[in-house]
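The chain contents come next:
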Amino acid sequence: MMKLLHRSGICALALMAGTAAMQFEPIVLRDLAFGSGTQHIAIGAVKTSLWSAAFAQTADSFTLDNVRFTWGGATYEAKQVSFSGASVARRDIEGLFSSTAEPLADKLARIDVKQVTIPELKVSQKLGQETQTAFYRNISLNDVVRGKIASLTIETTAVEGTGGKSNTLISYGRTILNDLDTPAFAKLYDTKDASAPLARIYSTFSIEKIDMVDGAGTYSAQIARLSGRDIMARPTKDSWNGTIAAINELAQKEAASPDEQTRLMHIVADLLGALDAGLLEATGITFKGNGKENKETGSIARIAYTGANGSQASEMRAEGIDVTDTDARVKIGAVSLSGFSLAPTLEGLKALDSKSLKELDSTAVRSLIPTLGTLRITDMDFDAPATEDKPDEHVRVVWKLMEMTADKPMNGIPTNIRFEQRNVSMTLSDSSDDELAQQLRALGYKSIDGSFVVAAAWNESAHEIAIKEFSMDGKEMGSVRVTGLIGNVTPDLFSPDEATASAALIGAKAKSASVVVENRGLVERYLAKTAKEEGTTPEALQKMYSGATPLVLSSMIGNSEQSRTLGQAISRFIEKPGKLTIEAQSKNPSGFGVMDVMLASDPKVLLEKLKITAKAE
């Protein structure tokens, strides 16, 4: 019995000792240092469990103490980095921190570990005159397979920028990244290849509660949430390491030379082309000045960028904008820019090589023009004092829609153009010095609500420009709408050479035009105002104008059939203001051009070249 108890006691002690040994972390490596210059690694100690150390070939769990390394132009410092669930040979872990010439991406691609935890990480980086320092707390990297991290979580982040014009403090709440491809990310910094395709670096990310404060106390800003998906990147011509170093070098110069400006332009263009995203979105944005140097306050409900996908163009969008500055306020429902592309600019810069902007001819300058796409602004409301000396008297202007399209470029010049302002309204002040406002007030208008559209497109195959619409419309006033067709418009019109473009413009010929005028109250108001001033009745004045119109037109453009048709239609329109339609078509199928107008001795000769129809309804 005593022997059994003795043996049991020995087993219990052995088990306790073994358990303690497994928890004990002996130091197996100390004071490691590898590399030099921009890529340097120093580790105070490597610790692993006694159990793992006994087997030598694997290290299921281990800890790095006092880690400090430089990479990508930044310095990283952590008092402790812990690895658990490592399923690779220890030599691969050690190789990650070795000084071998093997690329870091290849080293990372061999790492399989269940979890990596870092209680605190300090990252310092110098950007021009400014030093940026970030503190990350409670970092967790989970399910790392062949260097790809399934999820990365950072509990809080604090960033401070010093050395610039003013210090900036930024704090972040929880940050989550999914499917982070660390080998692909590492290649960006080591690879020099601007022709490489974009690769996905991580699938999704989110950052909660971002808070920014200017060190001088002039402003503060908050973002409730920042998120995105499909973050793409590629290496640059000099690698990201080289690009960051070059930007830092040029940013420290007070005055850059023309060659340095050209170099910086190429670097920035290369970097812009090296990044893209499926979606970037910020919501719940607020900002506020201190009320002294900066009096602006405001909010933006959402800002988003959506990358191009197949036939769908890229789009930048902001919604729910509300900004106040002292006595003025601007509110915008939404602003969007779709179809915008820097691709022509980036390609043009590549073709320029090392030329400076001063050396560029018109052809090269045209090649740098980006494609605008479509800019759309809805529900804009602007309220501000009418004049500085009358702060209590406000002017309010409301735009229901403002939209501009400029795309399908030819040698940098858009061949499809459209501009629209819809339901632009404002109150007409009694004390306004504007002549038009005074005239409208005299006609009885207390406010105006108008729309304006101009749209034209070039048809390359037909060598024609279609004036799709040129129109103006006023509420309780009326509208004017013009359409037309211009022929013999060759690609030379868009030539960078001015002489060639001018010759093509002279060669263009007008083929047809249509004008539609609709009255919705303006004619009656004008007749009433004028009749009152002249001491007569609107009806008498209307009859006089209607009878005189054919005589006036015949004296100006002759007594031809076209003149009589035009005069009769306008006369009927004045007599009964409704809708007037005038159409003109060139008798010559090719149209008539600038030279035809210049060579015409008087309007009568020009009118004979046209077939005119007109009617009043």
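Residues numbered from 1 in each chain as written. Predicted model: local features only at pLDDT ≥ 70, side-chain atom pairs only at ≥ 80, totals over all residues. Heavy atoms only, no water.

### Considerations on the overall build of the chain
Formally: A run of DSSP states H or I qualifies as a helix once it reaches four residues; a run of E qualifies as a strand once it reaches two. Both are numbered from the N-terminal end. Burial classification: accessible surface area is computed with a 1.4 Å probe over protein chains only, and a residue below 20% of its type maximum counts as buried, one above 50% as exposed, and the rest as partly exposed. Residue contacts are defined here by distance: any two heavy atoms, one from each residue, within 4.5 Å place the two residues in contact.
For the chain, the helix and strand inventory stands at 16 helices and 25 strands. Every one of the 617 residues in the chain was classed for burial, and the buried ones make up 36%. Considering only contacts within the chain whose residues lie at least 6 apart along the sequence, 58% involve residues at least 24 apart.

### What about unusual backbone geometry?
Positive phi outside glycine occurs at Asn 423, with the angle close to 50°. The residue Asn 423 is located in strand E18 (residues 413-427) in this model. Judged by relative accessible area, Asn 423 falls into the partly exposed class, the value being 32%. Notably, Asn 488 is not glycine yet its phi reads approximately 55°, a positive angle. Within the secondary structure, Asn 488 sits in the loop between strand E21 (478-487) and helix H11 (498-507).

### Regarding the pairing of strand E12 (residues 275-289)
Defined as follows: Paired strands, as defined in this entry, are two strands with at least two bridges between them according to DSSP.
Taken together, the 13 bridges between strand E11 (residues 219-233) and E12 define a ladder with antiparallel strand orientation. From the neighbouring strand, Gln 222 faces E12, where its bridge partner is Thr 286. Relative to strand E13 (residues 296-306), E12 runs antiparallel, the two being bridged by nine bridges. Paired with Glu 281 across the bridge in E13 is Ala 304.

### Comments concerning the pairing of strand E4 (residues 74-84)
Relative to E4, strand E3 (residues 61-71) is paired through ten bridges, and the arrangement is antiparallel. Note on E4: the bridge partner recorded for Val 67 is Ala 78. Looking at chain direction, E4 and strand E5 (residues 113-127) are connected through seven bridges and run antiparallel. Bridged to Glu 77 within E5 is Lys 122.

### Examining the confidence of the model for the chain
Do not read the predicted coordinates in detail wherever pLDDT is low. For clarity, the cut-off: As a per-residue measure, pLDDT tells how confident the predictor is, with possible values from 0 to 100.
Residue-level pLDDT values for the chain average 83, and 86% of them are 70 or greater. Within the chain, helix H1 (residues 2-23) has the poorest average pLDDT of any element, 33, and strand E9 (residues 175-181) the best, 95. Across residues 1-25 the pLDDT falls below 50, and counting only partners more than four positions away or on other chains, this stretch makes ten contacts in the model.

### Thoughts on the side chain of Ser 140
Using the following cut-off: Nitrogen and oxygen atoms within 3.5 Å of one another constitute a polar contact, given that in protein one can donate a hydrogen and the other can accept it, and given that sequence-neighbouring residues count only through two side-chain atoms.
One can find Ser 140 in strand E6 (residues 130-145). Here the side chain of Ser 140 touches Gln 115 through a polar contact of 3.2 Å, side chain to side chain. Within polar-contact distance, the side chain of Ser 140 engages the side chain of Asn 142 at 3.0 Å. Apart from the residues lying within four places of it in its own chain, the contact partners of Ser 140 are Gln 115, Val 116, Thr 117, Ser 151, Leu 152 and Thr 153.

### Looking at the nonpolar core
In plain terms, the rule: Nonpolar core, defined: a set of buried Ala, Val, Leu, Ile, Met, Phe, Trp, Tyr and Cys residues in which side-chain atoms within 4.5 Å join the residues together.
By size, the foremost hydrophobic cluster in this structure holds 58 residues, and its most contacted members are Leu 64 and Val 81. Excluding its chain neighbours within four sequence positions, the residues that come into contact with Val 81 are Phe 62, Thr 63, Leu 64, Val 67, Val 116, Thr 117 and Ile 118. Judged by nonpolar contacts, the second largest core, of eleven residues, contains Leu 553, Ile 557, Phe 592 and Leu 607.

### Here's the deal with the pattern of salt bridges
Put simply, the rule reads: Here a salt bridge means any side-chain nitrogen of Lys or Arg lying within 4 Å of a carboxyl oxygen belonging to Asp or Glu.
The full count for this structure, using the stated rule, is 24 salt bridges. The salt bridge involving Arg 137 is made with Glu 120; its shortest N-O contact spans 2.1 Å. Placement of the pair is Arg 137 in strand E6 and Glu 120 in strand E5, with a sequence separation of 17 residues. Of the residues examined, Arg 137 reaches a relative accessible area of 41% and is grouped as partly exposed. Arg 396 is the salt-bridge partner of Asp 381, the closest N and O atoms lying 2.4 Å from each other. Here Asp 381, found in strand E16 (residues 373-387), pairs with Arg 396, found in strand E17 (residues 390-410); they are 15 residues apart in sequence, far enough to count as distant. Residues joined in a network through salt bridges with shared partners are Arg 376, Glu 403, Arg 418, Glu 420 and Arg 422.

### Looking at helix H8 (residues 343-352)
Formally: Working definition: the arc comes from the directions between the helix axis and the C-beta atoms, pointing outward to the latter.
Taken residue by residue, H8 has Thr 345, Leu 346, Gly 348, Leu 349 and Leu 352 as its buried positions. Down the axis, H8 shows its buried residues gathered within 160° of arc, on one side only. Of the exposed residues in H8, those oriented more than 90 degrees away from the buried face are Lys 350 and Ala 351. Check the buried side of H8 and you find it contacts helix H7 (258-272) and helix H9 (362-367).

### Some points on the environment of Thr 48
Note on placement: Thr 48 falls in strand E2 (residues 39-48). Under the relative-accessibility criterion, Thr 48 is labelled buried at 2%.

### Some thoughts on a nonpolar patch on the surface
Basically, it comes down to this: Only residues whose relative accessible area exceeds 30% and that form no salt bridge are eligible for patches; like-charged ones are grouped when within 9 Å, while nonpolar side chains (Val, Leu, Ile, Met, Phe, Trp, Tyr) are grouped when within 5 Å. Every accessible area reported is derived by Shrake-Rupley at a probe size of 1.4 Å, with residue values counting cover from the shown protein chains alone.
Together, Leu 264, Val 268, Leu 272 and Leu 342 give the surface a local cluster of nonpolar side chains, amounting to about 290 Å² of exposed area. When you line up the elements, Leu 264 lands in helix H7. Since its relative accessible area comes to 32%, Leu 264 is described here as partly exposed.

### What to know about the packing of helix H5 (residues 182-190) against helix H6 (residues 239-251)
Test applied: Throughout, an axis means a line fitted to C-alpha atoms (over the contacting stretch in the case of helices), and angles, computed between N-to-C directions, take values from 0 to 180 degrees. In what follows, roughly perpendicular refers to angles from 65 to 115 degrees, roughly parallel to angles under 35, roughly antiparallel to angles over 145, and oblique to any angle outside these ranges. Ten residues, namely Ala, Val, Leu, Ile, Met, Phe, Trp, Tyr, Cys and Pro, are considered nonpolar, four, namely Asp, Glu, Lys and Arg, are considered charged, and the remaining ones, Gly among them, are considered polar.
Here H5 crosses H6 at 50°, and the two axes come no closer than 3 Å. The angle between the axes of H5 and H6 places the two elements in the oblique class. Packed against H5, whose contacting residues are Leu 188, Tyr 189 and Asp 190, the element H6 presents Ser 239, Trp 240, Asn 241 and Ile 244 at the interface. Split into classes, the residues belonging to the contact of H5 with H6 amount to four nonpolar, two polar and one charged.

### With respect to a negative patch on the surface
For the record, the criterion: Asp and Glu are treated as the negative residues and Lys and Arg as the positive ones, with His and the ends of the chain left uncounted. Charge placement uses NZ in Lys and CZ in Arg. For Asp and Glu, CG and CD serve respectively.
A cluster of acidic residues, Glu 296, Asp 325, Asp 327 and Asp 392, forms a negative patch at the surface. Turning to its location among the elements, Asp 392 is positioned in strand E17. Residue class for Asp 392 comes out exposed when judged on its relative accessible area of 78%.

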